[in-house]
Amino acid sequence: MNADGSYFRPLVQVGPARPDTALELAGGRGWFTHVEVLGRGQATQVIPAAGLPADVSNRLTTIRADIAGLSMDRARVMGILNATPDSFSDGGVNAAAADAVTSGVGMQAAGADLLDVGGESTRPGAETVADGDEIQRVAPVIQGLRAAGVTCPISIDTRKAAVAQAAHAAGANVVNDVSGFTYDAALAPFCAAQNLPVCVMHALGDPATMQRDPRYENVLLDVYDFLERQIQMLEAAGIPRARIIADPGIGFGKTLQHNLTLLARLSLFHGLGVPILLGASRKRFIGTIGHAPQAVARASGSIGVALAALAHGIQMLRVHDVPQTIQAIALWRAAVVGTET
């Protein structure tokens, strides 16, 4: 947000015909010539990108730093490994450590850029898992992945410092907190001390209560403001913005319309000056719109949302269906740019 209360959303474009006046978006393949100006209680307007305040232009155009050795100049795919018995998306198929390791090895072989291991279900209504139980679920999986030759970055999906510590000792090198670092005050200092990249996500409440009539003044701007505040908090804790990823938290304390509002203006979040991760894979709204009540039948809808997000220039997709998503990205890129590479 600018000093006058304005927010600036780049109207991202991709493709071979790029005007000389276009600004490059965050060092990636997208570019923009105009921005949408938004604000609370005011009509939106579209202005030329040349009219942007200098600090806003800098945030939108600065090349994003590598995260865990991965450049952010193209879309990266994060494969989901739920080491839980009660996952909404896969019915606990990876609850056994050996099964999770096999799945993770397959994801890397299929082209996943990093893996996200979680031991606590965050489906709506899920209860909190004790630290020790969560550690027993994730640490053997991470150790097993490394022993099996997985070399890509491994993210630990947790809200808890004790779990992050155990996961890091087992071989994880990124922390993904669905609470946006609001649950455990010890987590950010640990990540800072270990120089770990982090992902900060927006959620309204905890999983047990988040879908009980979620309300916002303005979901798009409220989520943006939360992420900006938490990024500033993480910086104050010793984690530089160059090691932070932001996730608007699709499906976490949000109605179907909230999700669609965020997706339609997803490029706003580039104004945070960090890579943007989208985790919409197999979410309930995809089943509702796509008439797929079973989560495992939502690959096509999930890929549709993922490709729409690529058009907004986002840098990372958190997905269940890794091979299908990677194939879709390759064809989307080829069709848009007009060349295979």
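Refer to the preceding data block for the structure.
Residues numbered from 1 in each chain as written. Predicted model: local features only at pLDDT ≥ 70, side-chain atom pairs only at ≥ 80, totals over all residues. Heavy atoms only, no water.

**Observations regarding unusual backbone geometry**
Logical step 1: In the Ramachandran plot, Ala 68 falls in the positive-phi region, its phi being about 50° despite a non-glycine side chain.
Logical step 2: Relative to the helices and strands, Ala 68 is located in the loop between helix 1 (54-61) and strand 6 (76-82).
Logical step 3: Despite not being glycine, His 291 shows a phi value in the positive range, around 55°.
Logical step 4: Among the structural elements, His 291 can be located in the loop between helix 8 (284-290) and helix 9 (299-310). (Helix = DSSP H or I, 4+ residues; strand = E, 2+ residues; numbered from the N terminus.)

**Points about the sheet that holds strand 5 (residues 45-48)**
Logical step 1: The strand order across the open sheet formed by three strands is 1-4-5, and the pairing between neighbours is antiparallel. Since the sheet does not close on itself, it has two edges, and those belong to strand 1 (7-10) and strand 5, each with one partner. Across this sheet, the average inter-strand angle for adjacent strands is 35°, counted without regard to direction.
Logical step 2: Relative to strand 5, strand 4 (residues 34-38) is paired through four bridges, and the arrangement is antiparallel. Bridging from a neighbouring strand, His 34 pairs with Pro 48 of strand 5. (Pairing = 2+ DSSP bridges. Axes fitted to C-alpha atoms, helices over the stretch in contact; angles between N-to-C directions.)

**Observations regarding the pairing of strand 13 (residues 316-319)**
Logical step 1: Of the two faces of strand 13, the one carrying Met 316 and Arg 318 and the one carrying Leu 317 and Val 319 are both buried.
Logical step 2: Here strand 6 pairs with strand 13 via four bridges, running parallel. In the sheet register, Val 77 faces strand 13, and the bridge partner there is Leu 317.
Logical step 3: As paired strands, strand 12 (residues 277-278) and strand 13 are joined by two bridges and run parallel to one another. Note that in strand 13 the partner of Leu 277 across the bridge is Met 316. (Buried < 20%, exposed > 50% of the residue type's maximum accessible area, 1.4 Å probe, protein only.)

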